[in-house]
Amino acid sequence: MNLELKKAIDQISKDKGLDRDMLIDTLEEAVRTSVLRRFSEDMDVEVTYNDETGDIEVYQFKIVVEDGDVANEDTQIALAEAREHDPSVQLDDEMGFKVQIADLGRIAAQSAKQVIIQRMRDAEQEIIYEEYRDRVGEIVSGIAQRRDKGNWIINLGRTEAVLPRDEQIPREHYKRSERVQAIIIDVRKEGRGPQVVISRSHRDYMAALFKREVPEVDDGVVQIMGIARDPGMRAKVAVLSRERDVDPVGACVGVRGSRIQNIVQELHGERIDIVVWSPDIATYARNALAPAMVSRIVVDEEENLLEVIVPDDQLTLAIGRKGQNVKLAAQLLGWKVDIFTESRYNEANAVGHGLEQVASVAEVSLETLLDAGYASLASLREASNEELSEKLGLSDSRISNLRQAINFLSPIVENVEEDIQGSEEGGAESADGNE
């Protein structure tokens, strides 16, 4: 009775968290491989583990053939020899013979041990892979172990995870043995075992923190509709309430800011703006650009463009430090956002309106002027009568009317353009939602 083997299987199964039946199958396959390697690959061998006694039984099977017809002694046995073991045996019967494990020898036993260890390691890695693959999107905590080419290796207990450089929060520093919290974003199969990838800068990490800290988000009453982050600096989170009597912003902020402060502290001071989501893109944009006040918004659905007009004293607030506010808003909205002051927008429209007036006097469309290459009053003024006649098909009288209109409007437009040029640096800002 081999109780030591049984005890070893039980202990490994408990310590490593491996399925006991899988360990037994691995043991049987390892012994079978060693037997074939020790004797012959042609042998038909069956290995069975006796769970009651802890013994391993090995049987070799042979086919009974006519005397003198034995072509392979590993797989066949003559009828006369077979009847020495069983007088009732017939031709083509299959006979089993017990093989003594001791006959495997030291090399075969060592080989079996190596196969078992490797199979156990593979099985353990597969279990870890399956476990962590199902935990993608979950917050985990581990101990910082070492730095590897800018990445950090984090010990999660059963396995190690990598925190890549581009998934770290800029200007955030870690020390060995420091506890680090992050979200699992990927689990890959690698030659040395499963590779768990974690992140602190991913937008899903912030979403997971809100889910953890805000019960209304966890149970779906408040839904997170979008997140835009400048990790470590600022973020905008769009929320929507599924129940009329629940304020999504208030729920996320918490009493005296308790909930949002827990998230801010975890992200080491990252500023978070809670934005109310709206199906109306103009309303949503107003909310996203807070705390800046917005005068009006022009929506260009074909170009996926929003022209946002703000009071002159709100431009700096709308743009934000280094353009951060408008860039985060554009990312949240998924639209390109151009911001203008009221004075700059009105002046720009005045110039365009002057060109429209000239087109009206000449009895042509604004598109015709632009297609002909006349994008300003100056370009029209510089064109000869012959050129205007050829490109626009104008009669002499209409050309004369056009000249009079240009002479009348040019001084006004030039003054406006000078004012625009003077305010060029502080008059507008553009941000792309794809950044």
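Because the structure is predicted, anything quoted here is derived from the model rather than measured.

Participant: Break down the environment of Ser-278 for me, citing the residues and quoting the values.
Facilitator: As for its placement among the helices and strands, Ser-278 is situated in the loop between strand 12 (271-276) and helix 9 (281-288). For Ser-278, a relative accessible area of 14% corresponds to the buried category. Considered as a pair, Ser-278 and Val-239 are 39 residues apart in the sequence and their alpha carbons are 9.0 Å apart. Discounting chain neighbours no more than four positions away, the residues touching Ser-278 are Thr-283 and Tyr-284. At 3.2 Å, the side chain of Ser-278 and the backbone nitrogen of Asp-280 are in polar contact.

Participant: Talk me through helix 11 (residues 324-333); I want residue IDs and the actual numbers.
Facilitator: In terms of burial, helix 11 is largely enclosed, as eight of its ten residues are buried. Turning to helix 11, its buried residues are Gln-324, Asn-325, Val-326, Leu-328, Ala-329, Ala-330, Leu-332 and Leu-333.

Participant: How would you sum up the sheet that holds strand 12? Please name residues and give values.
Facilitator: The mixed open sheet is built from three strands, whose spatial order is 10-11-12. The open sheet has two free edges, formed respectively by strand 10 (222-230) and strand 12, since each of these has just one partner strand. When the angles between neighbouring strand axes are averaged without regard to direction, this sheet yields 20°. Looking at chain direction, strand 11 (residues 234-241) and strand 12 are connected through six bridges and run parallel. Bridged to Ala-238 within strand 12 is Val-275. Those strands touched by helix 9 are strand 11 and strand 12, and its axis lies near 155° from that of strand 12.

Participant: Account for the pairing of strand 13 (residues 296-300), naming residues and giving values.
Facilitator: Both strand 13 and strand 14 (residues 305-310) contribute to a ladder of five bridges, which runs antiparallel. From the neighbouring strand, Ile-297 faces strand 14, where its bridge partner is Val-308. Taking the residues that link successive antiparallel strands as the turn, the strand 13-strand 14 hairpin has four residues, and the phi of Asn-304 there is positive, at about 55°.

Participant: Break down the nonpolar core for me, citing the residues and quoting the values.
Facilitator: Leu-306, Val-308, Leu-333, Val-337 and Ile-339 are the most contacted members of the largest nonpolar core, which has 27 residues in total. Sorting elements by how many residues they give to this core places helix 11 first, with six residues. Among the nonpolar cores identified, the runner-up in size contains 24 residues, and Leu-209, Phe-210, Val-222 and Ile-227 belong to it.

Participant: For the packing of helix 5 (residues 203-213) against helix 8 (residues 258-266), give the residues involved together with the corresponding values.
Facilitator: One can describe the packing of helix 5 onto helix 8 by two numbers: an axis separation of 10 Å at closest approach and a directional angle of 140°. Relative to helix 8, the element helix 5 is oriented oblique. Handedness of the helix 5/helix 8 crossing: right-handed. Of the residues in helix 8, those in contact with Tyr-205, Leu-209, Phe-210 and Glu-213 of helix 5 are Arg-259, Ile-260, Asn-262, Ile-263 and Glu-266. Each residue belonging to the contact of helix 5 with helix 8 can be placed in one class, and the counts come to five nonpolar, one polar and three charged.

Participant: How would you explain the sheet that holds strand 5 (residues 139-148) if you had to name every residue and give the values?
Facilitator: An order of 5-6-7-9-8 is seen for the five strands of this closed barrel, with the pairing classed as mixed. This sheet shows a mean twist of 50° between the axes of neighbouring strands, independent of strand direction. In this sheet, strand 8 (residues 179-190) lies alongside strand 5 in antiparallel orientation, the contact comprising five bridges. The residue bridging Ile-139 from the neighbouring strand is Ile-183, located in strand 8. Lying over the sheet, helix 5 contacts strand 5, strand 8 and strand 9 (193-199), oriented at roughly 125° with respect to strand 8.

Participant: Kindly report on the environment of Asn-72, identifying the contributing residues and their values.
Facilitator: Tracing the backbone through its elements, the reader meets Asn-72 in the loop between strand 2 (56-65) and strand 3 (76-78). For Asn-72, a relative accessible area of 23% puts it in the partly exposed group. In sequence terms Asn-72 and Asp-42 are 30 residues apart; their C-alpha atoms lie 8.6 Å from each other. For Asn-72, the side chain forms a polar contact with the main-chain nitrogen of Asp-74, separated by 2.9 Å.

Criteria and thresholds
Sequence positions are assigned chain by chain, starting from 1 and proceeding in written order. Predicted model: local features are reported for residues with pLDDT of at least 70 only, side-chain atom pairs are reported and counted for 80 or more only, and whole-chain, interface and lining totals are derived from all residues. Excluding hydrogens and water, the side-chain values take into account all heavy atoms of the structure. Helix and strand definitions here come from DSSP, where helices need a minimum of 4 consecutive H or I residues and strands a minimum of 2 consecutive E residues; each element is numbered from the N-terminal end. Exposure is judged per residue with a 1.4 Å probe applied to protein chains only, and the accessible area is read against the type maximum: over 50% gives exposed, under 20% gives buried, and values in between give partly exposed. Any two residues whose heavy atoms approach within 4.5 Å are treated as being in contact. A 3.5 Å cut-off defines polar contacts: any pair of N or O atoms within that distance qualifies, except that in protein one atom must be a possible hydrogen donor and the other a possible acceptor, and neighbouring residues in sequence count only when both atoms are side-chain atoms. Each pair of strands is called paired provided DSSP finds at least two bridges between the two strands. Axes, fitted as lines to C-alpha atoms, cover a helix only where it is in contact. Angles between the N-to-C directions of the axes lie from 0 to 180 degrees. Among the buried residues, those of types Ala, Val, Leu, Ile, Met, Phe, Trp, Tyr and Cys that are joined through side-chain atoms within 4.5 Å form a nonpolar core. Orientation labels follow simple angle bins: below 35 degrees gives roughly parallel, above 145 gives roughly antiparallel, 65 to 115 gives roughly perpendicular, and whatever is left gives oblique. Each crossing is labelled by how the near helix is turned from the far one, with a counterclockwise turn of less than a right angle marking it left-handed and a clockwise turn marking it right-handed. Residue type decides the class: Asp, Glu, Lys and Arg count as charged, Ala, Val, Leu, Ile, Met, Phe, Trp, Tyr, Cys and Pro as nonpolar, and the leftover types, Gly among them, as polar.

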